[in-house]
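# Structural features, examined
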Amino acid sequence: MSYASASSSSGDRTSDHRDLPHVLAVDDNHVDRKIIETLLLNSSCKVTTAENGMRALEYLGLRDGQPNSATLASKVNLIITDYCMPGMTGYELLKKIKGSSFLKEVPVVIVSSENVPTRINKCLEEGAKMFMLKPLKQSDVKKIRCHLLNCRS
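Here's what I pulled together on the structure shown here. Predicted, not measured: the structure shown is a model, and the values here were computed from it.

Parameters at a glance
Residues numbered from 1 in each chain as written. Predicted model: local features only at pLDDT ≥ 70, side-chain atom pairs only at ≥ 80, totals over all residues. Heavy atoms only, no water. Helix = DSSP H or I, 4+ residues; strand = E, 2+ residues; numbered from the N terminus. Buried < 20%, exposed > 50% of the residue type's maximum accessible area, 1.4 Å probe, protein only. Contact = heavy atoms within 4.5 Å. Areas by Shrake-Rupley, 256 points an atom, 1.4 Å probe, with all protein chains shown as cover. Axes fitted to C-alpha atoms, helices over the stretch in contact; angles between N-to-C directions. Parallel < 35°, antiparallel > 145°, perpendicular 65-115°, else oblique. Phe/Tyr/Trp six-rings, centres within 6.5 Å; stacked < 30°, edge-to-face > 60°. Lys NZ or Arg CZ within 6 Å of the ring centre and 35° of its normal. Core = buried A, V, L, I, M, F, W, Y, C linked by side-chain atoms within 4.5 Å. Pairing = 2+ DSSP bridges. Right-handed = clockwise from strand over helix to strand, strands pointing away. Salt bridge = Lys/Arg side-chain N within 4 Å of Asp/Glu carboxyl O.

Looking only at helices and strands, the protein has five helices and six strands in total. Ordered by position from N to C terminus, the α and β elements of the protein give β-β-α-β-α-β-α-β-α-β-α. When the 153 residues of the protein are sorted by exposure, 46% land in the buried category. The contacts of the protein with a sequence gap of at least 6 include a subset with a gap of at least 24, amounting to 66%. When the accessible surface of the protein is totalled, it reaches about 8,100 Å², and 49% of it is carbon and sulfur.

Written out as structure tokens, the structure reads:
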């Protein structure tokens, strides 16, 4: 398995990364994954990355559709996934997440370099909280963090 995990560090602040919002970033493109990771770290998030939908499901404990309670301990507060990925699209990943009784409440943001209205609507109807166009900018991540992560109870 190949996951990368990083947590935010700030010069003056000593913050326990367990208190930071935990985001799972899924993208098959290494450069795009690093960009998203850097933007999230700059927004004081703990970040775990996965290179495809299957790896994301394994990390989330949903391999073969069976939840693994041991893995659910590494709870994520938000999932950001690319739409176009080989093997499993971001839309298919979204459907599996929203079909899980353990994960259906986790907000999912779909990102894509293609502005296809039917694709956007399909993802939003399936339960995505936002659909954003690549390349993501720091202002996009701040918007995501403000609207989704600060609203959790």
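A few words now on the packing of helix α3 (residues 90–98) against helix α4 (residues 117–126). Interaxial distance between α3 and α4 falls to 10 Å at its minimum, and their mutual angle equals 10°. On the basis of their axis angle, the class for α3 and α4 is roughly parallel. In contact with Tyr91, Leu94, Lys95 and Lys98 of α3, α4 contributes Lys122, Cys123 and Glu126.

What follows deals with the packing of aromatic side chains. As enumerated under the stated definition, the model contains zero aromatic pairs in all. Here the guanidinium or amino end of Lys122 rests over the ring plane of Tyr91, the centre of that ring lying 4.3 Å away.

This brings us to the nonpolar core. One finds Leu24, Val26, Leu60, Ile79, Ile110 and Cys123 to be the most contacted residues of the largest nonpolar core, which totals 25 residues. Broken down by secondary-structure element, the contributors of at least two residues to this core are β2 (22–26), α2 (53–60), α3, β5 (108–112) and α4. Each residue touching Leu24, except ones within four places of it in the same chain, is listed here: Thr48, Thr49, Ala50, Ala56, Tyr59, Leu60, Val76, Leu78, Ile79 and Ile80. Counting residues in hydrophobic clusters, the runner-up holds 16 residues, among them Ala25, Leu40, Leu78 and Val141.

Moving on to the pairing of strand β4 (residues 78–82). β4 sits mainly inside the fold: five of its five residues count as buried. Burial of β4 is two-sided: the residues Leu78, Ile80 and Asp82 facing one way and the residues Ile79 and Thr81 facing the other way are all buried. As paired strands, β2 and β4 are joined by four bridges and run parallel to one another. Each bridged residue has a counterpart across the sheet, and for Ala25 the counterpart in β4 is Ile80. Both β4 and β5 contribute to a ladder of four bridges, which runs parallel. By the bridge assignment for β5, Thr81 is matched with Ile110. You can see the chain leave β4, run along α3 and come back into β5, and the turn it takes is right-handed.

Our focus in this paragraph is the pattern of salt bridges. One pass over the full model with this rule turns up eight salt bridges. With a shortest N-O distance of 2.8 Å, Asp27 and Lys134 are connected by a salt bridge. In this pair, Asp27 is assigned in the loop between β2 and α1 (30–42) and Lys134 in the loop between β6 (130–133) and α5 (138–148), connecting sequence segments 107 residues apart. You can call Asp27 buried: its relative accessible area is 1%.

What follows is about the pairing of β5. Counting buried positions along β5 gives five out of five residues, so the element sits mostly inside the fold. The pairing of β5 with β6 spans four bridges and is parallel. Paired with Ile110 across the bridge in β6 is Phe131. Regarding topology, α4 serves as the crossover connection from β5 to the parallel β6, and that connection is right-handed.

As for its position among the elements, Ser43 is in the loop between α1 and β3 (46–50). With near-sequence residues (within four places) excluded, Ser43 lies in contact with Gln138, Val141, Lys142 and Arg145.

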